[in-house]
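Architecture and fold: a report
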Amino acid sequence: MSDRIFNFSAGPAVMPMPVLERARDELPNFQGCGMSVMEMSHRSPEFEGILAHAESGLRRNMGIPDDYAILFLQGGASLQFSMAPMNLYLPGQPIDVIHTGAWTEKAIEEIKKVADYRLVASTEAEKFRRLPRPDEIEFNPSASYVHICSNNTIFGTQWRSFPDTGAVPLVADMSSDILSRMVDVSKFGLIFAGAQKNIGPAGVTVVIIRKELAQRTPASVPTMLKYATHLKNNSLYNTPPTFGIYMIALVMDWIEAEGGVVAIEERNEAKAKLLYNAIDRSGFYYGPAEASDRSYMNVNFRVHGDNEELEKKFVREAEAAGLSGLKGHRSVGGLRASIYNAMSLEGVQALTDFMGEFERKYG
Ligand SMILES: *Cc1c(COP(=O)(O)O)cnc(C)c1O
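Definitions and cut-offs
- Residues numbered from 1 in each chain as written.
- Predicted model: local features only at pLDDT ≥ 70, side-chain atom pairs only at ≥ 80, totals over all residues.
- Heavy atoms only, no water.
- Helix = DSSP H or I, 4+ residues; strand = E, 2+ residues; numbered from the N terminus.
- Rg over C-alpha atoms; globule rule 2.2 N^0.38 Å.
- Buried < 20%, exposed > 50% of the residue type's maximum accessible area, 1.4 Å probe, protein only.
- Contact = heavy atoms within 4.5 Å.
- Areas by Shrake-Rupley, 256 points an atom, 1.4 Å probe, with all protein chains shown as cover.
- Lys, Arg positive; Asp, Glu negative; His and termini not counted.
- Charge placed at Lys NZ, Arg CZ, Asp CG, Glu CD.
- Pairing = 2+ DSSP bridges.
- Axes fitted to C-alpha atoms, helices over the stretch in contact; angles between N-to-C directions.
- Near = heavy atom within 4 Å.
- Polar contact = N/O pair within 3.5 Å; in protein donor to acceptor, adjacent residues only side chain to side chain.
- Nonpolar A, V, L, I, M, F, W, Y, C, P; charged D, E, K, R; others polar.
- Domains from an automatic or database assignment.
- Buried area = accessible area lost by both parts, 1.4 Å probe.
- Salt bridge = Lys/Arg side-chain N within 4 Å of Asp/Glu carboxyl O.

Some points on the overall build of the protein
Across its full length, the protein carries 9 helices and 14 strands. At 21 Å, the protein has a C-alpha radius of gyration in line with the 21 Å of a compact globule built from 363 residues. Based on the C-alpha atoms only, the size of the protein along its principal axes is roughly 60 × 55 × 30 Å. Expressed as a percentage of its 363 residues, the buried residues of the protein come to 55%. Considering only contacts in the protein between residues 6 or more positions apart, those separated by 24 or more positions represent 66%. With the model as given, the accessible surface of the protein reaches about 15400 Å², and the carbon-plus-sulfur share is 51%. Both charge centroids of the protein, one from 37 positive and one from 44 negative side chains, sit 3 Å from each other.

Brief notes about the sheet that holds strand 12 (residues 298–303)
Strand order in the open sheet formed by 3 strands is 11-12-14, with antiparallel pairing between adjacent strands. At either end of the open sheet lies a strand with only one pairing partner, and these are strand 11 (285–286) and strand 14 (335–338). As paired strands, strand 12 and strand 14 are joined by 4 bridges and run antiparallel to one another. What sits directly across from Phe 301, in strand 14, is Leu 335. Together, strand 11, strand 12 and strand 14 form the strand contacts of helix 7 (residues 260–281), whose direction differs from that of strand 12 by roughly 15 degrees.

Comments concerning the site of the ligand
Contacts to the ligand come from 13 residues, most closely from Ser 78, Thr 153, Asp 173, Gln 196 and Lys 197. One of the side-chain N or O atoms of Thr 153 is found 2.5 Å from an oxygen atom in the ligand. The protein chains hide 86% of the 390 Å² of surface that the ligand would expose on its own. Examining the composition of the shell around the ligand, we find that 4 residues originate from one element, helix 3 (residues 76–88), more than from any other. Among the residues making up the shell around the ligand, the classes are represented as 4 nonpolar, 7 polar and 2 charged.

Focus on the domain arrangement of the protein
If you check the domain split of the protein, you get domain 1 (17–257) and domain 2 (260–362). Its C-alpha centre places domain 1 at a distance of 27 Å from the equivalent point of domain 2. On the side of domain 2, 26 residues touch domain 1, which itself brings 24 residues to the contact. Between domain 1 and domain 2, roughly 2100 Å² of surface is buried when both sides are summed, and carbon and sulfur atoms account for 54% of that area. Connecting domain 1 to domain 2 are 0 salt bridges. Connecting domain 1 to domain 2 are 15 residue pairs in polar contact (both at pLDDT 80 or more). Looking at the side of domain 1 that touches domain 2, the elements with two or more residues in it are strand 7 (157–158) and helix 6 (242–257). Per-element accounting of the side of domain 1 that touches domain 2 gives the leading share, 3 residues, to helix 6. Tallied by class, the residues present in the side of domain 1 that touches domain 2 amount to 8 nonpolar, 9 polar and 7 charged.

What follows is the structure in structure tokens.
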């Protein structure tokens, strides 16, 4: 597969090669059943096996306790911005939100349609270059829940340790760093993630919810938007995104074969350090995010002086050199390398080599 490029896209993003190869091999005839996963009934024993495989893989890899359910839903992480408050808001108990970027902005937009909320901290005034410090956050002990985004895909910041919300459930959008590092699931009430960044293709959203929380929902919430509906029916209330669930199962096997999330985390840290070191060492590039809050998944960087012409040239020449997807999000500009689980150290090395050459040429 020498024609594969290094894909630094923020999402949908690079998938592990062994996963793609296995899916290819199994595509027309899944384990001798005479048809493809995408052709089979979601109520067949074969698919039930796939669903159980994806679920047990997630449970093992993340250490998800038994009192948590794993749901495979549609509508992306974006639908969770609505589902979380529709299900978990307790009237008279505003939701606490920590505002750290574009994805918490979108969450707030949806929360305010169905609930009261309080901004308990925001770093908007600093253009989201850092996360709030613990002493800047004032939680309300009677909040319905606290909403955070664990990794800010667009601004390139990531919570290294999570705020302690006591008895108030912590709800985390982990779309861009789920399974990139060990996380204590028992500290969260709800975790959700669109699959297309770290664990599979677009079209399936993983929801991990403490089971008792799924009972909060008012009766007026539409059936499909109730966590309890999907919990009771094991994600089979209606047709789930079957092929996406199958791909997640394969990614879970790949993570285990790589040595589990502990090994993945070590590699992610090595990749991020290599890239941030290259940025910090040079007088040509700089990273806008505060060093202590830097993301190990989405590395934002710029050319000094924010020279947009040079940045455009960087993206073009990198593309020609087989390094794709390096343009920063349109809302912030600059450059961004998304280095999710499936990006190899070799890929990051190729990028830092290219950065060095580009600097020598134009610096
Ligand atoms: C990509 C992303 C989303 C949006 O996901 P969709 O599946 O496209 O709805 C939400 N939150 C974060 C942190 C993201 O990175």
